[in-house]
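Structure at a glance
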Amino acid sequence: MAAESDTKTSSGGYSSANDGSTVEECQDMIRRSQRTPMVRFLREHLEKSGCEIGDNFIKAIHCDKQISGGYLRGEGIMVCSNHMNFQDEVNQVVIHELIHAYDDCRAANLDWANCAHHACSEIRAGHLSGDCHYKRELLRGFLKIRGHEQDCVRRRVMKSVIANPYCSEAAAKDAMEAVWDVCYNDTKPFDRAP
């Protein structure tokens, strides 16, 4: 459930390893992200699914790990201020993690220690959040014209699921392949992939 930093170069790119922003600056960017149509849509659908999310559901924190943010059941969404330099980066992390929160809300038996469950939510978050948009991939240094979106989702799913202490690399790959078609094609709460 942690959004991994995903750059090929040390120059920054999409998820910067630079100094980032302060917790206060990041919290301001989180407030601005709340006004974007995608974030409002996801929050609305979380509440329609029976999950109340308060004002403190999304928080800026300083992270020691090289991640952009994460979602923790019962705690909410954390955005790593020290890895955020731009409003767009914060928006992307918030959207990605809101999709995990939505999955957690709608699936009564979602088990984050289960590699297949984790892989499914990562597939959905990668596919539906815009994480793998062509322009973002170019900024990361991945220059593939055809099939870039699915390759990107697969790469990012593997990075996240391997970071799960319950999932080896082999288990992560097997889980991702086993659930790929069902989860990639599950676009809820959207009618189709945005």
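Whatever comes next refers back to the structure up there.
Residues numbered from 1 in each chain as written. Predicted model: local features only at pLDDT ≥ 70, side-chain atom pairs only at ≥ 80, totals over all residues. Heavy atoms only, no water.

Let's talk about the side chain of Ser21
Of note, Ser21 is situated in the loop between strand S1 (2-4) and helix H1 (23-33). The exposure class of Ser21 is buried, given its relative accessible area of 12%. Here Ser21 is in contact with Cys26, Met29, Ser81, Asn82, Met84 and Asn85, once residues within four sequence places are set aside. (Helix = DSSP H or I, 4+ residues; strand = E, 2+ residues; numbered from the N terminus. Buried < 20%, exposed > 50% of the residue type's maximum accessible area, 1.4 Å probe, protein only. Contact = heavy atoms within 4.5 Å.)

Let's talk about the environment of Gln34
Within the secondary structure, Gln34 sits in the loop between H1 and helix H2 (37-48). When the C-alpha atoms of Gln34 and Asn91 are compared, they prove to be 8.4 Å apart, with 57 residues separating the residues in sequence.

A short note on the packing of aromatic side chains
Under the definition given, this model contains four aromatic pairs. Here Trp180 and Tyr184 contribute two aromatic rings whose centre-to-centre distance is 5.0 Å and whose plane-to-plane angle is 20 degrees, an arrangement assigned as stacked. Separated by four residues within a single helix, Trp180 and Tyr184 lie in helix H7 (residues 169-184), roughly one turn from each other. For Tyr184, a relative accessible area of 12% translates into the label buried. (Phe/Tyr/Trp six-rings, centres within 6.5 Å; stacked < 30°, edge-to-face > 60°.)

Some details on the pattern of salt bridges
Taken as a whole and assessed by the stated rule, the structure comprises ten salt bridges. The partner of Arg106 in a salt bridge is Asp103, with the nearest N and O atoms 3.6 Å apart. With Arg106 and Asp103 both in helix H3 (residues 87-106), this residue pair falls three residues apart, about one helical turn. A residue is classified by how much of its surface remains accessible, and Arg106, at 36% relative accessible area, is partly exposed. The salt bridge partner of Asp186 is Arg124, with a shortest N-O separation of 3.4 Å. Within this pair, whereas Asp186 is found in the segment after H7, its partner Arg124 is found in helix H4 (residues 115-128), the two being separated by 62 residues in sequence. Accessibility expressed as a relative area gives 19% for Asp186, which makes it buried. (Salt bridge = Lys/Arg side-chain N within 4 Å of Asp/Glu carboxyl O.)

Scope: geometric values only; no functional claims are made or implied.
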